[in-house]
Amino acid sequence: MAYSCSSSSSSSTSSIFSIKPKTPSPKPHFIKASTNPSPQPSQQQPKPISVSKPRRPLDENIRDEARRNNPTYSHLFSAKYVPFNPDPSHQTSDESYSLDEIVYRSRSGGLLDVEHDIAALKTYDGKYWRDLFDSRVGKTTWPYGSGVWSKKEWVLPEIDDADIVSAFEGNSNLFWAERYGKQFLGMNDLWVKHCGISHTGSFKDLGMTVLVSQVNRLRKMNRPVVGVGCASTGDTSAALSAYCASAGIPSIVFLPANRISIAQLVQPIANGAFVLSLDTDFDGCMHLIREVTSELPIYLANSLNSLRLEGQKTAAIEILQQFDWQVPDWVIVPGGNLGNIYAFYKGFHMCKELGLVDRIPRLVCAQAANANPLYLHYKSGWKDFKAVKANATFASAIQIGDPVSIDRAVYALKNSNGIVEEATEEELMDAMAEADSTGMFICPHTGVALTALIKLRKSGVIGKTDRTVVVSTAHGLKFTQSKIDYHSKEIKDMACRFANPPVHVKADFASVMDVLQRYLLSKSPNH
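Residues numbered from 1 in each chain as written. Predicted model: local features only at pLDDT ≥ 70, side-chain atom pairs only at ≥ 80, totals over all residues. Heavy atoms only, no water.

Overview of the overall build of the chain
Secondary structure assignment for the chain yields 17 helices and 14 strands. Looking at the 527 residues of the chain, the share that counts as buried comes to 57%. Contacts spanning at least 24 positions in sequence make up 70% of the contacts within the chain whose residues lie at least 6 apart. Summing over all exposed atoms, the chain offers an accessible surface of approximately 22500 Å²; the carbon and sulfur share of this is 51%. (Helix = DSSP H or I, 4+ residues; strand = E, 2+ residues; numbered from the N terminus. Buried < 20%, exposed > 50% of the residue type's maximum accessible area, 1.4 Å probe, protein only. Contact = heavy atoms within 4.5 Å. Areas by Shrake-Rupley, 256 points an atom, 1.4 Å probe, with all protein chains shown as cover.)

Right, dumping it as structure tokens:
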């Protein structure tokens, strides 16, 4: 069955489409400016947003505009929960659930995955999807101004636009790390995907907009959901509390006491979350929240819930989009609970399966040595997985010893010819300081990923001309205390080789001149 888009007869509605069935196979759609952008009946199909459109009425907001222009959205694409199966060739069950059901595990207790109707999506070729996604970038049309919801058909295709809770997250900077790459690694094609440049300062926004939107839909359907809860090492709680606050939904957060930064702690508090500080680690918090959500009408928001991964996978699609749909050689992702490495794999794989690209990059998952169960599993040749007791790490968001998504991560790495690396505390802090010295301001987790890159460059696994993307998962401003401690050389048993403390000088001209002359001489001896 083929599908098409019909728009209303008014040119003001040209930017919103409603997908409806049609018989002929669609032809690729080319984006062009037009004074009459409405498609002819024989050409109707979901179409990219027009180059220009009249301004909406002054008494109407963008959500109202979307509702007016698209009152009878026809859901031609669909998705459902299915048991996560690391070997799709041996499907053992036809078990599946509607996304409107409140379910987190399969009947056997395994993970669930969101499965899309790929046959329906394949009605349109890769060029069509590339053009459609490209046409939505940078627009304010609801909800496509979001980097997540600009891929709505691939995320939550059946949700009404009116139910979506979005801060126009995503569309984050893909930064050419020119100086860092050349000076420290001898690379000329190194990029950093700054997912931390987002509404709450981390990549968790990408998944939380999807999850909270679905909760918003469930509440309107009178499902038994009073609030949304999560266990968190910081960033998840910040994202959950912000999106719930935007929708007026109560949020409940379980945090490990004294184990996250003040900047991370203040976010859920400021957004009105009900915060429980527990005398345990993340794994203990996770155990408790799973027990609580099985007894109370609280929707579980951790990455055990596969809805979040649907939003997070859009970062992978976005990377391809930012490279004009050229595939990088490597993508390096910090890993803790391990949902994100699978999300990146899923995004890349969907693009290949639907014809947008012809291959996927090799993936690297980077772990802190103090919380490295995946690394140990990888080094053992993927033999029996063993959880570890996570020790304190500056990369606090990945201080997880018993990751929920271990099976997903192994699947992603095996199917992308992937690698797992680790970083000691000194290595990750030095890498962070080196990157900052070249104009970045990264989080410790990105320091873990950069350490993995350094090791793979030194071993020759990653070549000097390989196009490589390091995923930066959170904003450095969330972790200023770790930077202060490093540059003050106040970290026990750490040399802090690249510390740059302030120089105390007498407040007189001669003293200042003397210090500056010596500094300038050290920077330019020939002068």
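Having seen it, we continue.
A closer look at the UniProt feature "modified residue: N6-(pyridoxal phosphate)lysine" (unreviewed entry) in the chain
This chain's UniProt record puts "modified residue: N6-(pyridoxal phosphate)lysine" (unreviewed entry) on Lys-204. Tracing the backbone through its elements, the reader meets Lys-204 in helix α5 (residues 204-220). Given a relative accessible area of 11%, Lys-204 falls into the buried group. (UniProt positions renumbered as here; feature names shortened; annotations may be inferred.)

Observations regarding the packing of helix α14 (residues 425-436) against helix α16 (residues 480-487)
Between α14 and α16, whose axes approach to 11 Å, the crossing angle comes to 95°. What the angle tells us is that α14 and α16 run roughly perpendicular. Counting all contacts with α14, which are made through Met-429, Asp-430, Met-432, Ala-433 and Asp-436, the residues of α16 involved are Ser-482, Lys-483 and Tyr-486. (Axes fitted to C-alpha atoms, helices over the stretch in contact; angles between N-to-C directions. Parallel < 35°, antiparallel > 145°, perpendicular 65-115°, else oblique.)

What to know about the sheet that holds strand β7 (residues 227-231)
Spatial ordering of the open sheet is given by β9-β8-β7-β10, a layout of four strands whose pairing is parallel. Because the sheet does not close on itself, it has two edges, and the strands there are β9 (274-278) and β10 (298-300). Across the sheet, the mean angle from the axis of one strand to that of its neighbour is 25°, orientation sign disregarded. Of the strand pairs in this sheet, strand β8 (residues 251-256) and β9 are connected by five bridges, and their pairing is parallel. The residue bridging Ile-252 from the neighbouring strand is Phe-274, located in β9. Across the face of the sheet, α5 comes into contact with β7 and β10 while running at roughly 145° to β10. (Pairing = 2+ DSSP bridges.)

Notes on the side chain of Glu-169
Note on placement: Glu-169 falls in the loop between α3 (126-136) and β5 (174-176). Buried and unpaired, Glu-169 has no salt bridge, with Arg-63 as the nearest side chain of opposite charge at 10 Å. Separated by 2.6 Å, the side chains of Glu-169 and Ser-146 make a polar contact. At a separation of 2.9 Å, a polar atom in the side chain of Glu-169 contacts the main-chain amide nitrogen of Ala-167. Leave out the neighbours within four places in its chain, and Glu-169 touches Ser-146, Gly-147, Val-148, Trp-149, Ser-198, Asp-205, Leu-206, Thr-209 and Tyr-243. (Lys, Arg positive; Asp, Glu negative; His and termini not counted. Salt bridge = Lys/Arg side-chain N within 4 Å of Asp/Glu carboxyl O. Polar contact = N/O pair within 3.5 Å; in protein donor to acceptor, adjacent residues only side chain to side chain.)

Some words on the nonpolar core
Residues Trp-129, Trp-154 and Tyr-299 are the most contacted members of the largest nonpolar core, which totals 106 residues. Trp-129 has contacts with Phe-77, Leu-121, Tyr-124, Glu-153, Trp-154 and Leu-356, leaving out every residue within four places of it along the chain. In this structure, Tyr-180, Leu-190, Ala-423 and Ala-499 belong to the second largest nonpolar core, which totals 37 residues. (Core = buried A, V, L, I, M, F, W, Y, C linked by side-chain atoms within 4.5 Å.)

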